[in-house]
Amino acid sequence: MEERRVERVSLPCPLRTVALREMNTYLERMTIFLMLAARCARLVEAYPWLDRMTLWLAAFVLFLSTRAQHLSISHDSIFYMTGVRDGTWHSGFHPHHLLFQPFMVAMTSLLGALSDASVIMRIEGVNAFVGATGAALLYMMCTNRLQMARSHSLAAVCTTCLSYGYWYHSVCIEVVMIPLVLFTGCLYVALGDWHTRSTPVAAGILHALSIVFHQVYVFQGIALVCIAVMRGESPAERLRFCGRYLLASVPLVIALYGFALVVEVRPESPAAAYRWLTAYAYIGTEANTHYNPPSLRTPLEIAVGETRALTGLISITKSEIGSAIVRKAFPSKHIEDEEYITRTMNPVVALAVFLLSGAVCVYFCV
């Protein structure tokens with residue numbers, strides 16, 4: 001048989017030179033990238049704080065550069081901003097978020113000496129700092145306490161920071177970021193070395209501070225009790241943890257609220273003091289207040305409140321019938337936010353999303 005000879009096709013010399021040069025450049029860049037990645041990995045191993053500091057810096061730059069240029073929540077933001085602008089460190093004690101205004105007055109005064117930014121930008125700058133600190137704490141929680149891989153921890157933190165709620169409250173004038181980060185620190189400490197006396201004491205102090213920055217965090221004490229039940233090896237050990245935690249948290253909360261009562265509120269009687277402490281629960285009209293006495297409807301209202309956190313279920317408000325049903329069943333609840341979010345949804349898509357989210361909820365509940 002006649003042997004076929006395959007001729008080798010070669011590029012002209014100039015083209016071959018260009019191709020080889022580009023390939024060498026690509027390989028050099030890849031080599032440099034891999035060397036840098038390996039170097040960063042060695043740095044993280046040598047300096048464990050480097051990854052969390054880098055994450056904190058990235059989150060701080062993100063939040064600081066996207067601060068709201070207007071009063072995002074008109075009524076609350078105006079109230080907080082004017083209180084900080086016109087108040088002093090020992091005034092403006094609100095029973096629901098006791099230390100927010102005094103703390104922000106001190107911080108904005110300090111920042112005012114360093115920058116000529118407006119009060120709005122300074123308050124939002126503090127929230128951006130706090131939000132970035134919360135991101136770093138969450139990363140530490142995932143890696144150090146939950147023993148998650150760095151990549152998984154980074155994914156969890158990025159998902160949190162880029163979510164609507166966390167990002168939004170880190171760049172506007174609101175009271176929720178400081179207590180959230182304080183309680184995250186509380187959980188981080190409580191999940192640490194269980195056998196040291198300082199653990200429940202530090203956790204109690206952080207929880208107490210979160211309460212005086214936002215009164216509703218008193219209910220998060222349930223999480224500390226659950227930690228004690230799960231981690232304690234005996235009833236006595238669980239009681240010791242809870243006792244030290246209470247001895248550290250309760251007196252601090254009482255002292256700070258007592259200071260506010262004596263310095264600014266000055267009630268005429270114990271009844272007036274109690275009324276001030278619980279005033280936020282009774283703000284509004286009889287049909288629309290922040291507090292409803294416990295009843296048979298309470299479990300259902302709790303369930304509805306929890307499901308409002310699941311964006312898919314609010315798609316029922318796209319339908320006028322759905323909105324009417326929700327309003328009639330829960331006249332004290334505002335659903336304007338949900339209606340605004342779902343206003344541009346296609347009705348068929350809204351129904352599909354609602355059914356899918358409901359199925360997911362039922363699956364996890366059952």
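What you see is a predicted model, and the numbers here were worked out from it, not measured in a lab. (Residues numbered from 1 in each chain as written. Predicted model: local features only at pLDDT ≥ 70, side-chain atom pairs only at ≥ 80, totals over all residues. Heavy atoms only, no water.)

(A) View of helix 11 (residues 235–265). When the terminal C-alpha atoms of helix 11 are compared, their 42 Å separation across 31 residues agrees well with the 45 Å that a helix rising 1.5 Å per residue should span. Turning to helix 11, its buried residues are Glu237, Phe241, Tyr245, Ala248, Ser249, Val253, Tyr257, Ala260 and Leu261. Looking at the packing, one finds that the buried side of helix 11 touches helix 8 (177–190), helix 9 (198–213), helix 10 (221–231) and helix 12 (270–277). Looking one or two residues past helix 11, Arg266 carries a phi angle of roughly 50°, positive in sign. (Helix = DSSP H or I, 4+ residues; strand = E, 2+ residues; numbered from the N terminus. Expected span 1.5 Å × (residues − 1). Buried < 20%, exposed > 50% of the residue type's maximum accessible area, 1.4 Å probe, protein only. Contact = heavy atoms within 4.5 Å.)

(B) Highlighting the packing of helix 2 (residues 49–65) against helix 5 (residues 119–145). Their axes nearest at 8 Å, the elements helix 2 and helix 5 cross at an angle of 150°. Handedness of the crossing formed by helix 2 with helix 5: right-handed. Here Asp51, Arg52, Leu55, Trp56, Ala59, Phe60, Phe63 and Leu64 of helix 2 lie close against helix 5, whose contacting residues are Gly125, Ala128, Phe129, Gly131, Ala132, Thr133, Ala135, Ala136, Tyr139, Met140 and Asn144. When grouped by side-chain class, the residues that make up the contact of helix 2 with helix 5 number 13 nonpolar, 4 polar and 2 charged. (Axes fitted to C-alpha atoms, helices over the stretch in contact; angles between N-to-C directions. Left-handed = near helix turned anticlockwise from the far one by under 90°. Nonpolar A, V, L, I, M, F, W, Y, C, P; charged D, E, K, R; others polar.)

(C) Representation of the packing of aromatic side chains in the model. According to the stated counting rule, one finds 11 aromatic pairs in the structure shown. Seen from their ring centres, Phe79 and Tyr80 are 5.8 Å apart, and the 65° between their planes marks the pair as edge-to-face. Here Phe103 and Phe213 contribute two aromatic rings whose centre-to-centre distance is 5.6 Å and whose plane-to-plane angle is 85°, an arrangement assigned as edge-to-face. Of this pair, Phe103 sits in helix 4 (residues 100–114) while Phe213 sits in helix 9, and the two are 110 residues apart along the sequence. Relative accessible area serves as the criterion here: at 30%, Phe103 is assigned to the partly exposed category. Since its relative accessible area comes to 7%, Phe213 is described here as buried. Through a chain of ring-to-ring contacts, the aromatic side chains of Trp56, Phe60 and Phe129 assemble into a single cluster. Its end group placed over the ring of Tyr188, Arg145 keeps NZ or CZ at 3.8 Å from the ring centre. (Phe/Tyr/Trp six-rings, centres within 6.5 Å; stacked < 30°, edge-to-face > 60°. Lys NZ or Arg CZ within 6 Å of the ring centre and 35° of its normal.)

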